[in-house]
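Residue-level listing of the chains:
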Amino acid sequence: MYTSGVASASPTTLDQYDVVVCGGGPTGTMAAVSAARNGAKTLVIERYGFPGGSSTAAMVHPWLSFHNKHGEQVLAGLGQELVDRLQAIGGAIGHVRDSIGFVYSLTPFDPDLTKQVMLRMLVESGADLMLHTFITDVQTTNGIVTAVRVVNKSGSQLIPAKFFIDATGDADIAMRAGAPMQEQRKDGQLITQPLTMNFRLSGVQWEPIRRYILDNPDEFHHETMFHELKRGEPLTAVSGYFSEWRKVNEKLNVPRDRLLFFSGVRPDECYVNTSRVTQLDGADAFDLTAAEIEGRRQVTAIADWMKGNIAGFEDSYISMIPTQIGVRETRRILGDYVINQNDVVNGSKFEDAIARSAYPVDIHAPTGAGLITSEAPDDYYEIPFRCLLLQGLDNVIVAGRCISATHEGHASTRLTPTCFAMGQAAGLAAAQCASKNLLPRDIKGSQLRSKLREQGAVL
Ligand SMILES: Cc1cc2nc3c(=O)[nH]c(=O)nc-3n(C[C@H](O)[C@H](O)[C@H](O)COP(=O)(O)OP(=O)(O)OC[C@H]3O[C@@H](n4cnc5c(N)ncnc54)[C@H](O)[C@@H]3O)c2cc1C
């Protein structure tokens, strides 16, 4: 399938890396593809045997959202290329309307085919891959990370590079290098969002679900697009069954106020995003272990209840449970700018913007059962490059869900299409630094923007 070889990172090749991308999730994959396509000798290090992180290992589905509330596309670039390439092999159906009415569009995708396409994009870009490898530590000198330490079946080794992109989602590189982080606790309680174990059901019939929604509108999210559903528009997302859920949840014991699920790429598929594990730290091994156990308990309980009690699910069966529980929020760096809720809601624009988003603040309550959401910006807001730059570390760019944002700001910037765009920008910036012998802070935002635009980004 692949023609080019995957480097075995021997000591002789290691010295040659301009850019090491730490983590091969949605952000890291796009960062590595972007850095390599822009001429940097690039290595991506990933703990699993495949790329995609939350989208594949945690089956976080669908991608939300490439559009603003008026239907204008505000995110494209490598993220759109991934959607197009998936669509060409039956792994996506493009952007479809969100039946819940929370956002304009959502983008269903197949997690396994996403691994294939991401891997192909990485290999074609010329980036080297080191899979099945965990980054455990960093080596620093005078505010510069000189190498990361990895552990894998070959043993433990140092991987040096000129520039590092921290796309670990948990800011592992920044934290181990001693960079300042934002508070994760208030009055002893975690203020980070809960974890969720998604799962996929197959054998689902959507027409009985549609009929039930139209017959019981009060039982569903108030923005649900009832008129469109009446007209026969596709049912892509469902949020509600409030009374039924309240009754059964005394037994299921899930800290959640509703059932939430999405249609998939195939007509009988449904991705359920309903389990919830609160007050556990997704960057702590014992907490994560407890979350896996509880998340998997909830998956079985929810799937059994849906099959036995919800019209349309009579013949359903679990066809996929992810490799790991989904981690929404852990560490957030303290960067040169901290993007916040006002920036999101008011649609702030910045001279050094490297990505756009129009997604509202969407917080799964850290302690309760509900959701805390904001208005979406009228057009879009922008993420400044400064949110990716760490205080006290000069050659590391942080991208993805751990950028410099407040808890509320992060609740919008964390969405996957936005992470794709941040990854693309981080990769280009690192490649430019390597070729021009600059530090990330020396790069002009306007130059980055025009190059990103040339490479398909909406900016
Ligand atoms: C339950 C849940 C529901 C969500 N719902 C949606 C949704 O509906 N739509 C949407 O668009 N977004 C949603 N999100 C948000 C979105 O999935 C993530 O915020 C986003 O994909 C993060 O991408 P990332 O690349 O920054 O991080 P991640 O996806 O976490 O990727 C990090 C990568 O780094 C690797 N890694 C981490 N540490 C190390 C290490 N030390 N060494 C080596 N490798 C390492 C990981 O294995 C992973 O591949 C949801 C998230 C969760 C958890």
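In case you missed it, the structure is sitting above this.
Quick caveat: nothing in here was measured; it's all calculated off a predicted structure.

Overview of the site of the ligand
As a matter of local geometry, the ligand sits amid 36 residues, with Gly23, Gly25, Gly53, Gly169 and Gly400 nearest to it. If you list the elements that add at least two residues to the shell around the ligand, you get helix H2 (26-37), strand S6 (134-141), strand S18 (326-327) and helix H12 (416-436). Residue contributions to the shell around the ligand peak at 3 residues, all from H2. Looking at side-chain class alone, the shell around the ligand contains 14 nonpolar, 15 polar and 7 charged residues.

Focus: the pairing of strand S15 (residues 259-263)
Each regular strand shows side chains that alternate between the opposite faces of the sheet. Across the 5 residues that make up S15, a large majority, 5, are buried. A two-sided burial pattern is seen for S15, the buried positions comprising Leu259, Phe261 and Ser263 on one face and Leu260 and Phe262 on the other. One ladder, built from 4 bridges, connects strand S14 (residues 237-240) with S15; its direction is antiparallel. Within S15, the residue paired with Gly240 across the bridge is Leu259. Between the end of S15 and the start of strand S16 (residues 270-272), which pair antiparallel, lie 6 residues.

Considerations on the environment of Asp98
By the secondary structure assignment, Asp98 is in the loop between strand S3 (96-97) and strand S4 (105-106). Classification of Asp98 as buried rests on a count of 23 C-beta atoms within 10 Å. For Asp98 and Thr236, which are 138 residues apart along the polypeptide, the C-alpha to C-alpha distance reads 6.0 Å. What Asp98 contacts, discounting residues up to four positions off in sequence, is Val103, Tyr104, Ser105, Leu106, Thr236 and Ala237.

Thoughts on the packing of helix H3 (residues 77-88) against H12
The interhelical angle for the contact between H3 and H12, taken along N-to-C directions, is 120 degrees, at an axis separation of 7 Å. The orientation of H3 relative to H12 falls into the category oblique. Every residue of H12 that contacts H3 at Gly77, Leu78 and Gly79 is listed here: Pro417, Phe420, Ala421 and Gln424. For the contact of H3 with H12, the per-class residue count stands at 4 nonpolar, 3 polar and no charged.

What counts and what doesn't
Residues numbered from 1 in each chain as written. Predicted model: local features only at pLDDT ≥ 70, side-chain atom pairs only at ≥ 80, totals over all residues. Near = placed C-beta within 6 Å. Helix = DSSP H or I, 4+ residues; strand = E, 2+ residues; numbered from the N terminus. Nonpolar A, V, L, I, M, F, W, Y, C, P; charged D, E, K, R; others polar. Buried ≥ 20, exposed ≤ 12 C-beta atoms within 10 Å, placed from the backbone. Pairing = 2+ DSSP bridges. Contact = placed C-beta atoms within 7 Å. Axes fitted to C-alpha atoms, helices over the stretch in contact; angles between N-to-C directions. Parallel < 35°, antiparallel > 145°, perpendicular 65-115°, else oblique.

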